[in-house]
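Close look at the chain arrangement
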Amino acid sequence: MKQPTWAGVADNEYMSHPPVATPKPTVAAALMLTGGGARAAYQVGVLQTLSELRQLCGAQQQGNPFPIIAGTSAGAINAAALACGCDDFDAVVRRVAEVWHNFHVQQVYQVAPLRLPRAGSGWLRWLALGWQMARWRRLNPRSLLDNGPLADLLTLMVPLARLPGLIRDGHLQALAVSASSYSSGEHVTFFEGDRRLMPWTRSQRCGVRDKITHQHLLASSAIPFVFPATALQMDGQTSYFGDGSMRQSAPIAPAIHLGAQRICVIGAGRLHGPRAATLQPGPANYPSPAQIAGHALANIFLDALSVDVERIRRINQTLSLVPPDLRNASNLRPVELLLITPSQRLDSIAADHLKELPPAVRAALGGAGVWPRDTDSQGAADSKGAALASYVLFESGYTRALMALGRADAWSKRAEICRFFGWVDPQATAGDAQYPLQPVIERRRDPLRLR
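Scope of this entry: the structure provided in the associated data block. All residue numbers here refer to positions counted from 1 along the written sequence of the relevant chain. Local features in a predicted model are, by the rule used here, given only for residues with pLDDT of at least 70; side-chain atom pairs are given and counted only at 80 or more, and totals for whole chains, interfaces and linings are based on all residues. Calculation of side-chain values draws on the structure's entire complement of heavy atoms; hydrogens and water are dropped beforehand.

1. Digging into the overall build of the chain
Note the following rule: Only runs of H or I of at least four residues qualify as helices and only runs of E of at least two qualify as strands under DSSP, and these elements are numbered from the N terminus. The rule is simple: take the accessible area with a 1.4 Å probe, protein chains only, and divide by the maximum for that residue type; under 20% is buried, over 50% is exposed, in between is partly exposed. Residue exposure ignores everything except the shown protein chains as possible cover, and the areas themselves are Shrake-Rupley values with a 1.4 Å probe.
If you tally the helices and strands in the chain, you get 16 helices and 10 strands. Split into buried and exposed, the 451 residues of the chain put 55% on the buried side. For the chain, the exposed area adds up to about 20,200 Å²; of that, 54% sits on carbon and sulfur atoms.

As structure tokens, then:
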């Protein structure tokens, strides 16, 4: 590869708290990138379209469109890379896109040249074998895969040393990275940003000011069992953290805590897929290990966002029914969302690219019930089985397909994007040019007060 040098838990996210020193309100948007392993390539395609559309509208001189950037899991890695180059948004999008365009699994985890069995118990044998091999090497077995290559890639591609200067010079207000503590059971959002930003505490989750390091990114992206937990210092003690999508009950909340009034959320899975598309013809078969694993990972990576979006839309609708004088006397405020998620099932796309995986990984997934499309006995892909592969398929054919989908989905929301950012699209038709806005609810002056 070329190396270019929110419904649900607590509506009190909107409630007021004791006054604190806060940054000046910003009319710019926050960016929230969710988790999903290799599915995060979709986010990069969306970002490519945002960059191109921004230039087309002549808005490239407006600086970084996302002074607040938050991410989880693989989305945290994309978020950190963007933050580190936010003084030239278009250029950093090109660099990140080049990495994803030329991806291979060897850049994320080590692939041992083992011929694993394809029997029904192959998945369990794979798990057992990973631990046994570590014992043979006199190592303490901690995970199925070794993500050492990812650590090396982060060192090359995410220059976190630039963050303090970018924050000081006003290019960035905050970068937030979320991880889940195996030690305390809390979901923790680590943030680095404007010194006036304050930590927060909620039920089973909190925000902690810290200097973001590559270890935070490894912790945020450590898929349970697959990648090793990462040790981080918190409250003067060493705690072990795993993937930030675990126990993430309010994925959009960190951006709100950091002062965002308007948030662009890029997901990595369909929020509301057609029910008929999820059903298989004929009698139901017992789910394969891959189907179970894919279902579990969907719960970790995808479900919380749907709940969070429903919550914010419900509260916004409720606030729109409250008379202005009463609304102004309350401690609630609306949050504007721009939501972009895949229009197609990413597991189905993954089924078309399974052959690109190294033989050892392909054999292991086959033992779990994941098969390439042309080997299916009924002539159709096992999309449920392929869901598991969709998270670990870091191969360029798949990542390029997701980037292309992200680009297309973002272009289909062209008018909505321009309206969100206030860009003037020179190619808009007469009927679209005005981009009629939704009814706007007057906002509170302090963007951090209502967290």
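2. Side note on the packing of aromatic side chains
Selection criterion: Pairs were defined over the aromatic rings of Phe, Tyr and Trp, the Trp ring being its six-membered one, requiring ring centres within 6.5 Å. Orientation was assigned from the angle between planes: stacked under 30 degrees, edge-to-face over 60, tilted for the rest. Criterion for a charge above a ring: Arg CZ or Lys NZ at most 6 Å from the ring centre, at most 35 degrees from the ring normal.
For the structure on display, the rule yields 10 aromatic pairs. Between Phe191 and Trp200 the ring centres are 5.6 Å apart and the planes differ by 15 degrees, which places this aromatic pair in the stacked class. Take Phe191 and Trp200: they sit in the same class, and that class is buried. With a centroid separation of 5.1 Å and 85 degrees between ring planes, the pair formed by Phe420 and Phe421 is classed as edge-to-face. For the pair Phe420 and Phe421, one class covers both residues: buried. When the ring centre of Tyr391 is taken as origin, the NZ or CZ atom of Arg39, which lies over that ring, is 4.7 Å away. If you follow Arg262 out to its NZ or CZ, it ends over the ring of Phe420, 4.4 Å from the centre.

3. Brief notes about the pairing of strand β4 (residues 187–193)
Quick note on the threshold: Following DSSP output, two strands are said to pair if at least two bridges run between them.
In terms of burial, β4 is largely enclosed, as 7 of its 7 residues are buried. Side chains of β4 alternate between two faces, with His187, Thr189, Phe191 and Gly193 and Val188, Phe190 and Glu192 buried alike. Where strand β3 (residues 174–181) meets β4, 7 bridges bridge the pair, whose relative direction is antiparallel. Each bridged residue has a counterpart across the sheet, and for Val177 the counterpart in β4 is Phe190.

4. Here we look at helix α5 (residues 148–157)
As a reminder of what qualifies: Comment: arc refers to directions from the helix axis out to C-beta atoms. Any two residues having at least one pair of non-hydrogen atoms within 4.5 Å are treated as being in contact.
All of the buried residues along α5 are Pro149, Leu150, Leu153, Leu154 and Met157. Down the axis of α5, the buried set is contained in an arc of 140 degrees. They therefore lie on one face. Seen from the open side of α5, the exposed residues pointing more than 90 degrees away from its buried face are Asp152 and Thr155. Packing partners of the buried residues in α5 comprise α2 (74–84), α3 (89–101) and α7 (214–220).

5. Here we look at the environment of Phe191
Position of Phe191 among the secondary structure elements: in strand β4. Along the sequence, Phe191 and Lys211 sit 20 residues apart, while their C-alpha atoms lie 7.4 Å from each other.

6. Quick notes on unusual backbone geometry
Note on backbone geometry: most residues besides glycine have negative phi, and most peptide bonds are trans. With a phi close to 60 degrees, Ser73 is a non-glycine residue in the positive phi region. Within the secondary structure, Ser73 is located in the loop between β2 (68–72) and α2. Not every positive phi belongs to a glycine, and Gln204 is a case in point at roughly 65 degrees.

7. Thoughts on the nonpolar core
For the record, the criterion: The set of buried Ala, Val, Leu, Ile, Met, Phe, Trp, Tyr and Cys residues whose side-chain atoms join them within 4.5 Å is what this entry labels a nonpolar core.
Counting 99 residues, the largest nonpolar core has Tyr109 and Leu175 as the members making the most contacts within it. Counting residues per element, this core draws most heavily on α2, which supplies 9 residues. Membership of the second largest hydrophobic core comes to 22 residues, among which are Ile68, Val265, Val335 and Leu337.

8. Observations regarding α3
Formally: Given the number of residues in a helix, its expected span is that number minus one, multiplied by 1.5 Å.
For α3, built from 13 residues, the straight-helix expectation of 18 Å at 1.5 Å per residue is met to within 8% by its first-to-last C-alpha distance of 18 Å. Close packing links the buried residues of α3 with α1 (41–56), α2, α5 and α15 (396–412).

9. With respect to the packing of α2 against α3
Basically, it comes down to this: Fitted lines through C-alpha atoms give the axes, limited to the stretch in contact for helices. The angle between two N-to-C directions lies from 0 to 180 degrees. By convention the crossing between two helices is left-handed if the near helix lies anticlockwise of the far one by an angle smaller than a right angle, and right-handed if it lies clockwise. Three classes are used: nonpolar for Ala, Val, Leu, Ile, Met, Phe, Trp, Tyr, Cys and Pro, charged for Asp, Glu, Lys and Arg, and polar for all others, with Gly counted as polar.
Look at α2 against α3: their axes get within 9 Å of each other, and the N-to-C directions meet at 145 degrees. For the crossing formed where α2 meets α3, the hand is right-handed. Contact with α2, carried on its side by Asn78, Ala81 and Leu82, involves Val92, Val93, Val96 and Trp100 of α3 and no other residues of that element. For the contact of α2 with α3, the per-class residue count stands at 6 nonpolar, 1 polar and no charged.

10. Thoughts on the pattern of salt bridges
The cut-off we apply is this: Salt bridges are counted wherever a side-chain nitrogen of Lys or Arg sits within 4 Å of a carboxyl oxygen of Asp or Glu.
Scanning the model with the defined rule gives 10 salt bridges in all. One salt bridge in this structure joins Arg311 and Asp308, with 2.3 Å as the shortest N-O distance. One end of the pair, Arg311, and the other, Asp308, are both in helix α10 (residues 303–320), 3 residues apart, so they sit about a helical turn from each other. For the pair formed by Arg311 and Asp308, the shared burial category is buried. When the shortest N-O distance is used, the salt bridge between Lys413 and Glu416 registers 3.5 Å. Taking the relative accessible area as the measure of exposure, Glu416 reaches 28% and is therefore partly exposed.

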